[in-house]
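Structural overview for review
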Amino acid sequence: MINQPVTQEEKLLTRSLEGEKRAFMYGNEVVVWAALAAGAEFLFGYPITPQNEVMHYWSRLAPRYGRGFLQTEDELSAGFAVLGGIMAGARCFSATAGPGTVLFQEPLSMAEMMRIPMVLVVQQRGGPSTATVIYSQQEVFLTIFGGNGEGLRVVYSPGSHQEMYDLTIKAFATAWEYRFPTLVLGDGYQAKMREPVTLYDPREKGIDLKPTFPMVGLKGVPGVDREPAHWRNAFSVEEELYEVLKPIIDDFHRAAPSLSEKEEGFLEGVELIVVAHGIVGRSVRSAVRELREKDIPVGFFRPITLRPFPDKDIKNVLTACSRLLVVESAQGQLAKLIRIAIGGELEHSLKMYTYFRPGLGITAEEVVQEARAILNGEREKDASVALL
Amino acid sequence: MSEQSMPLSWRTETKPHKFCPGCGHGLVLKALGMAVDRLKIAERVLFGCDIGCSLLSWDFFNLDTVQTHHGRTVPFIVGAKRARPHLVGIAYMGDGGGYAIGVQHLVNATMRNERILVIIVNNTTYAMTGGQMAPTSLLGQKTETTPGGREPDQEGFPLRGPEMIASFAPEGAYVARGSVSQVQRLSRYLERGLENQLRDRGISVIEALSTCPTNWRTNAVDTWKYLEKEMTDYYPLGELVSPWKKNKAEEEVVRL
Ligand SMILES: Cc1ncc(C[n+]2csc(CCOP(=O)(O)OP(=O)(O)O)c2C)c(N)n1
Ligand code: SF4
Ligand SMILES: [Mg+2]
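To start, this report covers the structure provided alongside it. None of these values were measured; they are calculated from a predicted model.

Basis of the calculations
- Residues numbered from 1 in each chain as written.
- Chains lettered and ligands numbered in written order.
- Predicted model: local features only at pLDDT ≥ 70, side-chain atom pairs only at ≥ 80, totals over all residues.
- Heavy atoms only, no water.
- Near = heavy atom within 4 Å.
- Nonpolar A, V, L, I, M, F, W, Y, C, P; charged D, E, K, R; others polar.
- Polar contact = N/O pair within 3.5 Å; in protein donor to acceptor, adjacent residues only side chain to side chain.
- Areas by Shrake-Rupley, 256 points an atom, 1.4 Å probe, with all protein chains shown as cover.
- Helix = DSSP H or I, 4+ residues; strand = E, 2+ residues; numbered from the N terminus.
- Axes fitted to C-alpha atoms, helices over the stretch in contact; angles between N-to-C directions.
- Parallel < 35°, antiparallel > 145°, perpendicular 65-115°, else oblique.
- Left-handed = near helix turned anticlockwise from the far one by under 90°.
- Contact = heavy atoms within 4.5 Å.

1. Quick look at the site of ligand 2
- Taken together, B:F19, B:C20, B:C23, B:H25, B:C53, B:N123, B:A127, B:C212, B:P213, B:T214 and B:N215 make up the full set of residues near ligand 2.
- Residues of the shell around ligand 2, tallied by class, amount to 7 nonpolar, 4 polar and no charged.

Below, the structure written as structure tokens:
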């Protein structure tokens, strides 16, 4: 046989962890441990701050666990190499940020069209353009709708290092189960800050990391022992494309309810719901806790998947209380997602207040202040978001 | 196998192929098919085609094939080859894909001496999009975007890809330029390119001079004249870098 059994199984069995391990580490380091634990075999990447340490840690750890690494010439190359590696049967991934996320749209769109389970970790930095290398939540639309297509991706937004670990592992599980590109949308603060995290082997927790399989380089002589594998993403006529695309869109919508995730809290007798995602969700959670301690009826809602968005859950919450405050380190990207999620249904009753700080961090104190001001009638409902 | 019959690795179900009459792509693919047949490596080959008229080859062969994006076939094949080194990776593209939108991949893959075969079909134009200027369009050549002919002041001089690659090709690389006017010779270059990969020596970059009568708006005679005279004058055929050249004894042992 020419097709020697590859060392894939062996590699996947190379354990990076045994039992649980308590650690205190940077977010970028957490990503690497999660990818190792999830059985990622190869990282193709291009340096960009604030995700560089993903490559730094990976390039040191990978040889120890029999995994591969290549620094490519740009993000296009990294993305397409990931696709090539996955189609050849290896679990591959990459990490990027900002302008790199822009370049990744091309391989992501190919992954959407061809159902290639590509995993990409994004550590958001300031935008537009080169902006800052530090922090923002401005890559929400880019990660969800960035390609020339329909946004057929799954996007997780972790709010702690533990979630960064859990969701990066889950991203691999989701990608290989549903075969949509899956992104973990972190940010520069999370990437560069240290906090405690519990590392574990996902198999010990019963997490189903579907086995990889090659889409090309199959056994047997093509045309003699078997049909050749022919894969394409270009079509001659509209109907031909539609025939291929429609089932993909249907699959995505069918999977959406089981994929969407959220966290919510302090909803009893609530008069104002604060919505935030990712690291801002932390500030919101502590702000809400503080306000509740003073008997101020505020609750919170945090989408964990930005795509598919937890539509039903947010609708339920907003049916009980139609006054909400959207807090984000961007100019209304989350607010627009909420608008899309609730559609016309709650349009008239909804009172949306916003606290947008594009590219700036947001503290719990700021959220407390805003919430109080709204409840005291000192804030205007935001008209600009209504003009979506 | 006679030169007239179809290579074994061709897929009869998708013949006649989709290229225009007189197109050179079919001949390059014939030369490639013959090389794959001779080496008996069909089971290991991963054939990647670009966007451009090369995409019409997505179901051309009895070979596992992926049609990728414009200019991105090299990194795609690099990724597959790095992840599964037993594969024989072939990246097939036009001169636009290889020398314009994807040139950074070609240069860096060469620098890293990736164990892949890159085939660039030089038809001096962007054929699929309707005959615009390519980096390889000859001086004075009229294209849709150089209606008055290519001017060096404005559009620069035509790019000699293999010469560029040869200028920094690392030890073990194989770089050659063939032509569809000499299919057997082209096929031999391609075979060497593949063998270079099988021997794990280095990258192989092979340009194939080709024809596009549709966009050139030439009849059969003028098409062939343009290829054999104008193009070949500016783009000389031959092996530019070859590990075989160093070792006379090995020169003859092309077949494994
Ligand atoms: C990113 C991107 N830009 C532009 C195009 C449009 N496009 C399709 S084929 C092509 C040029 C093809 O020329 P070449 O690579 O020389 O191949 P040929 O058709 O001549 O064989 C272009 C510009 C595209 N598909 N993708
Ligand atoms: S347009 Fe030119 S390159 Fe494309 S198939 Fe026709 S002849 Fe060949
Ligand atoms: Mg061309």
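2. Let's talk about the site of ligand 1
Residue and element names in this part refer to chain B.
- Looking at ligand 1, there are 16 residues lining it, with C53, D95, G96, G97 and A127 nearest.
- The side chain of N123 places a nitrogen or oxygen atom 3.0 Å from an oxygen atom of ligand 1.
- Between M128 and ligand 1, the recorded distance is 3.0 Å, taken from a backbone N or O atom to an oxygen atom.
- With the chains in place, 75% of the 590 Å² that ligand 1 exposes on its own is no longer accessible.
- Of all the elements in the fold, those that place two or more residues in the shell around ligand 1 are α3 (95-101) and β5 (125-126).
- When residues in the shell around ligand 1 are grouped by element, the largest group, 4 residues, is from α3.
- Of the residues that constitute the shell around ligand 1, the class distribution is 6 nonpolar, 9 polar and 1 charged.

3. Considering the packing of helix α2 (residues 27-37) of chain A against helix α3 (residues 52-61) of chain A
Residues and elements named next belong to chain A.
- It is the contact of α2 with α3, at a shortest axis distance of 8 Å, that shows an interaxial angle of 45°. It follows that α2 is oblique to α3 by the angle criterion. Handedness of the crossing formed by α2 with α3: right-handed. Contacts between α2 and α3 involve N28, E29, V31, V32, W33, A35 and L36 on the former and, on the latter, N52, E53, V54, Y57, W58 and L61.
- Classifying every residue of the contact of α2 with α3 by side-chain character gives 9 nonpolar, 2 polar and 2 charged.

Note that every value here comes from positions in space, so none of it alone points to a role or purpose.
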